[in-house]
Amino acid sequence: TSSGQDIAGCISLCPSGDYYFEYTECDSTGSRWRVAIPQRPGECTGLPDPVQGTDCTFSCEAGEFLEMSAQECTQCAAGSYSLGSGIRFEEWDDIPPGFSSVATYLDNTPHGQEGPSCNGSSWIAQGSYVESNRDECSVSLVYAVHLKKQGSVSFDYQYVDNNIFFEFFIQNDQCQEMEKTSDQKWMKLTSNGQWSKHTVSLKSGTNVLYWRTTGVTVGAKVVKPVLLKNIQIEGVAYMSECLPCKPGTFSKAPGSSSCELCPRNTYSGRGASSCTPCNTSTHYALEGSTMCKARPACSKKDYFQIHSVCDEEGKTQIIYKWIEPKICLEDASDAVTLPPTGKREPCPPCNPGFYNNNTATCLPCPQGTYSDGLKECQPCPAGTEPALGYEYKWWNILPANIKSSCFNVANTKCDGMNGWEVAGDHIRSGAGGSDNDYLILNLKVPGFRLPTSISGTSGTEFGRITFVFETICSADCELYFMMDTDRRSTSVVESWEGSKEKQSYTHIMTKNASVSYTWAFQRTNQAKDVRQYINDMVKMYSITVTNALDGVASSCRACAIESQQPGSACVPCPAGYYIDEETNQCLECPPNTFLSGHHVYGRDACQPCGPGSRSNKEHSLCFSDCSFTYLELNQTLQFDFSPLGFTGSIMNGPSFTSKGTKYYHLFNISLCGLEGHRPAVCSDNVTDLSDKDPHSAESNSVEAFICQSTVIPSDGRGFRVALTSQSTGLADSFLGESGEVIYLCLCKVLTVLCQSDRPSVSFCRECPAGTCDGCTFHFLWESSSACPRCTEADYHQIEGACKGGVQDTVYVWTEPRLCTGGVALPMKKSMSCEMIDFWLKVGAGVGAFCAVLLISLTCYVWNKNKKLEFKYSKLVMSANKECELPAADSCAIMEGEGEEVEDEVVYSKPSLLRKLKAIATKSLHFFIPCLLLLKATLQVHIIT
């Protein structure tokens, strides 16, 4: 006991600075207790007793904190701030306490095999924001918070590259993901330089927040990371202390809920209530600086040139200016001086559609007139109308509908600067405040108005924008061309990296709406304090917009007129009509031709449709109605591709990225469709899952005849479902079908092959990836629907045997069968017949009888002929003996005259050949009736 008393005596009472107060967990009645907790347990005693705490729903206002001794809300002192019932993370010099970066490679790697290493992948603090990884690892920024009441989390993010999958989700303390809709989990893409805010409700209790990114480096293009800043969490009920202002900021009044940036040429440390000025003669400080920096000597990178505005005499000159804010010293030993102002030169002429009324200002031509910019505005001749639009090719000042600005993701140094500068025959990117600034050029078009003659057409082109540019870069510069329709969201239409030669780009507007065109130029995406690429630039030589609603006219275009009378007004042509060059009257295009949307003057405006296609009633497009006729070897083949009008799919691969991610390329194909319908659709199910309607204006899907998507299978990265992204259209227009039954779309070729087996779509053997040059894609679609329609020539008949007096005739297809549809096989035919055995017996009997008769007659005739020949020879011999000789002319008696001379008759026996010939000749008339009788019998059998 004595020793215990000695120990107790050695432990002193806890002073107020050695302990702090906390609340216990709220009980079922909603109450809690305030308890004291020592800073170093066991080193002091005599802690205050627990007391009843405030209600669990209690909270302080913004700019206040809960003073635990009195359990009352107290205002924050100057130099600090408080959100009241929330916390905010806006400093990212390092990853703040409580946050962790976890990298994994979500792949179903077989047991015993190691996947790619992701040890070096993490979220990286960049001062005012935090940046995600750029590789194929899945990296999560994790923060756990325990809320006393329901609250929310909000953050600003920038997500411009769909090669990264970016998701935000919440788990409870049991590692179970809380139910969230898809539009809250998957982040939507943002435009370059634009920050979007995302807010999600939180439940009371433990909430584990996950910001997870997964890169997919399918191509060689560098992935752009996701940026996060201003993470704010509401629902912590109270703050036990105020947060000091970060360096470079200050709060001068008590009870502040935020801190302000220090002005230029001032600085501050942490928890400052005011900013300290710099000695501006030798030092400088940018806005929000933490220290003053020495001014460097001026160099060529510290100034830029511009063209002055035209004066009253129509003169301009090159002027050199220091980059603002000016931080360099001109009087330093090695400093350069500002070059002198250039010579005064004549100002460039007015842009087409404007005129100069002997002043330094160019004015737009009045309505109904036109000008090339050099002459006065003139009215359009009869039979013509102004061709409205913009044609900017001379740059003395920025046109009224074009604005220039500068923007930086991480700072406000270039806010208020001109992002672009005029330079006579072109406009170029300005200096900006740093090399990673976005230099913005914006052109607003309130809408489009078609010319009067084609206002009644149903074409899909309402206008087009064309611009000529070049980029001169020594680093990784990039030029973006973006478009915002009806102020919904800005999307990137096209982008160019690095130096590009002078070239032209055209974009067609297929919707009549107000549109804002934006060009953004960035010298490099790496933030650096020292300017290195100020001479990198983009030059824009001309910008042309057709059919602009508030445009001016640089020329006049022919229009259709009511009649040939002078002063006749322009009238719109019906859909599918063109303007005749001789009469200026509206004439309908010939069948199977279509009108180009921006040209309807002359017969040549009606362009013929491709083979195997026809035009719609309005002659606005050509399409295939899935029927096709082809002449081959003097035979007309008819095809019906209607079953192929639905989408067919083919997937090639698998392919693997450098990190081993497996992916496929999915192609959806539609062969034909009425009125130009293109039912093949490729959608991204990651970057725009919130769109329920795939055909909505903001849906991130592509509709074309042939489209392509990149698919990452669910087993390739550990995702729950397969992910599709990078959807793009490969074939937007139908060109025709050739004699080899080839379907053409732009530079894509589809061959259909008659195949009666299971239908399939495959790639040609020469190009197993679908393309050999990246432009022309070859597909082989094997299907029975690709066979020609069946005709009477594709089947034949087979006659059956006569059974029971009935004979059947059936029809079968000629094998191999290479046709489908068309005519059907005729039904089986049955007809009565005579038994063939009876007539064979009759014919055999008649034949045998005729043969016996013929032999008998032959023998009889031969014998009879033998007797007749003998009798005839006897008769001849007797007749010669009884004949008397004529009287002699002389009376003399010759020697031997009185003697009787007996003549000798010689009989020559005929040969065997002559006998047979004679017999055949004499008996022919007996044999012919028998043959005629037999022939008649067989004919009767065949007829029956």
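Remember, predicted model here, so these are calculated numbers, not experimental data. (Residues numbered from 1 in each chain as written. Predicted model: local features only at pLDDT ≥ 70, side-chain atom pairs only at ≥ 80, totals over all residues. Heavy atoms only, no water.)

**Student:** Would you mind going over the overall build of the protein chain with me for this structure?
**Tutor:** Assigned secondary structure in the protein chain consists of 5 helices and 69 strands. Looking at the protein chain residue by residue over its 944 residues, the buried ones come to 40%. If you take every contact in the protein chain between residues at least 6 apart in sequence, the share linking residues at least 24 apart comes to 64%. Summed over all atoms, the accessible surface of the protein chain reaches about 51400 Å², with 53% contributed by carbon and sulfur. (Helix = DSSP H or I, 4+ residues; strand = E, 2+ residues; numbered from the N terminus. Buried < 20%, exposed > 50% of the residue type's maximum accessible area, 1.4 Å probe, protein only. Contact = heavy atoms within 4.5 Å. Areas by Shrake-Rupley, 256 points an atom, 1.4 Å probe, with all protein chains shown as cover.)

**Student:** Which parts of the structure should I look at to understand the pattern of salt bridges?
**Tutor:** Opposite charge on two side chains permits them to pair, given that their charged atoms come into close proximity. Applying the stated criterion across every chain, the model contains 6 salt bridges. A salt bridge links glutamate 330 to lysine 326; its shortest N-O distance comes to 2.2 Å. (Salt bridge = Lys/Arg side-chain N within 4 Å of Asp/Glu carboxyl O.)

**Student:** I'm lost on the packing of aromatic side chains in this one. Help?
**Tutor:** For any two aromatic rings, the description comes down to two numbers: the centre-to-centre distance and the angle of the planes. Per the stated rule, a full pass over the model turns up 29 aromatic pairs. An angle of 35 degrees between the planes, with centres 5.5 Å apart, marks the rings of phenylalanine 481 and tryptophan 519 as tilted. You can see phenylalanine 481 sitting in strand E40 (residues 478-485) and its partner tryptophan 519 sitting in strand E43 (residues 515-522), a full 38 residues away along the chain. Taken individually, phenylalanine 481 and tryptophan 519 each receive the classification buried, so the pair is uniform in this respect. Note on tyrosine 795 and tyrosine 811: the rings are 6.0 Å apart at their centroids and 85 degrees apart in plane angle, and the pair reads as edge-to-face. Pair noted here: tyrosine 795 is in strand E67 (residues 795-799) and tyrosine 811 is in strand E68 (residues 806-813), with a separation of 16 residues, a long-range link. With relative accessibility at 16%, the residue tyrosine 811 sits in the buried group. Each residue in the set Phe89, Trp92, Phe99, Tyr143, Phe155, Tyr157, Tyr159, Phe166, Phe168 and Trp211 is aromatic and connected to the rest through ring pairs, giving one cluster. Above the face of the tyrosine 541 ring, lysine 502 is positioned so that its terminal group lies 4.1 Å from the ring centre. One cation-aromatic arrangement involves arginine 817 over tryptophan 813; the distance from NZ or CZ to the ring centre is 4.4 Å. (Phe/Tyr/Trp six-rings, centres within 6.5 Å; stacked < 30°, edge-to-face > 60°. Lys NZ or Arg CZ within 6 Å of the ring centre and 35° of its normal.)

**Student:** Please explain the sheet that holds strand E69 (residues 829-832) as it appears in this structure.
**Tutor:** In any sheet, the strands associate via hydrogen bonds between backbone groups, in a parallel or an antiparallel arrangement. With antiparallel pairing, 3 strands are arranged side by side in an open sheet as E67-E68-E69. At either margin of the open sheet sits one strand with a lone partner, and together these are E67 and E69. This sheet shows a mean twist of 25 degrees between the axes of neighbouring strands, independent of strand direction. Strand direction decides the pairing type here: E68 and E69, joined by 4 bridges, are antiparallel. Each bridged residue has a counterpart across the sheet, and for valine 806 the counterpart in E69 is serine 832. (Pairing = 2+ DSSP bridges. Axes fitted to C-alpha atoms, helices over the stretch in contact; angles between N-to-C directions.)

**Student:** Where do I start with a nonpolar patch on the surface in this structure?
**Tutor:** On the surface, a nonpolar cluster with roughly 190 Å² of combined accessible area is contributed by Ile798, Val810 and Val812. Accessibility expressed as a relative area gives 30% for valine 812, which makes it partly exposed. (Patch = residues over 30% accessible without salt bridge, like charges linked within 9 Å, V, L, I, M, F, W, Y side chains within 5 Å.)

**Student:** Looking at this structure, how should I read unusual backbone geometry?
**Tutor:** Among all residues except glycine, the phi angle is most often negative; among peptide bonds, the trans geometry is most common. Going from glutamate 815 to proline 816, the amide bond is cis rather than trans, its omega being -5 degrees. Along the chain, proline 816 turns up in the loop between E68 and E69. Its identity as a non-glycine residue notwithstanding, asparagine 547 has a phi of 60 degrees, on the positive side. Note that asparagine 547 resides in the loop between strand E44 (537-546) and strand E45 (552-558).

**Student:** Teacher, can you tell me more about the state of the cysteines here?
**Tutor:** Such a bond, covalent and formed between the sulfur atoms of two cysteines, is termed a disulfide. If you walk through the whole model with that rule in mind, you get 16 disulfides. There is a disulfide in this structure between cysteine 589 and cysteine 606, and the S-S distance comes to 1.9 Å. An S-S torsion of about -65 degrees defines the bridge between cysteine 589 and cysteine 606 as left-handed. With cysteine 589 in the loop between strand E49 (586-588) and strand E50 (593-595) and cysteine 606 in strand E51 (residues 606-608), this residue pair connects regions lying 17 residues apart in the sequence. A sulfur-sulfur separation of 2.1 Å characterises the disulfide bridge that pairs cysteine 682 with cysteine 707. Measuring the twist about the S-S bond at about 80 degrees, one finds the cysteine 682-cysteine 707 disulfide to be right-handed. Of the two residues, cysteine 682 sits in strand E58 (residues 680-683) while cysteine 707 sits in strand E60 (residues 706-712), which places them 25 residues apart along the sequence. The burial state of cysteine 682 is the same as that of cysteine 707; both residues are buried. (Disulfide = S-S within 2.5 Å.)

**Student:** Even after reading the chapter, I still don't get the confidence of the model for the protein chain, so can you show me in this structure?
**Tutor:** For residues with low pLDDT, the predicted coordinates do not support detailed interpretation. Mean pLDDT over the protein chain stands at 78; residues scoring 70 or higher make up 79%. When mean pLDDT is compared element by element in the protein chain, strand E22 (residues 266-267) scores highest at 96, while strand E63 (residues 742-745) scores lowest at 42. Low confidence marks residues 741-748, where pLDDT is under 50. Its contacts with residues over four positions away, or in another chain, come to 43 contacts. Across residues 940-944, where pLDDT falls below 50, the model places 8 contacts with residues more than four positions away in sequence or in other chains. (pLDDT = per-residue confidence, 0-100.)

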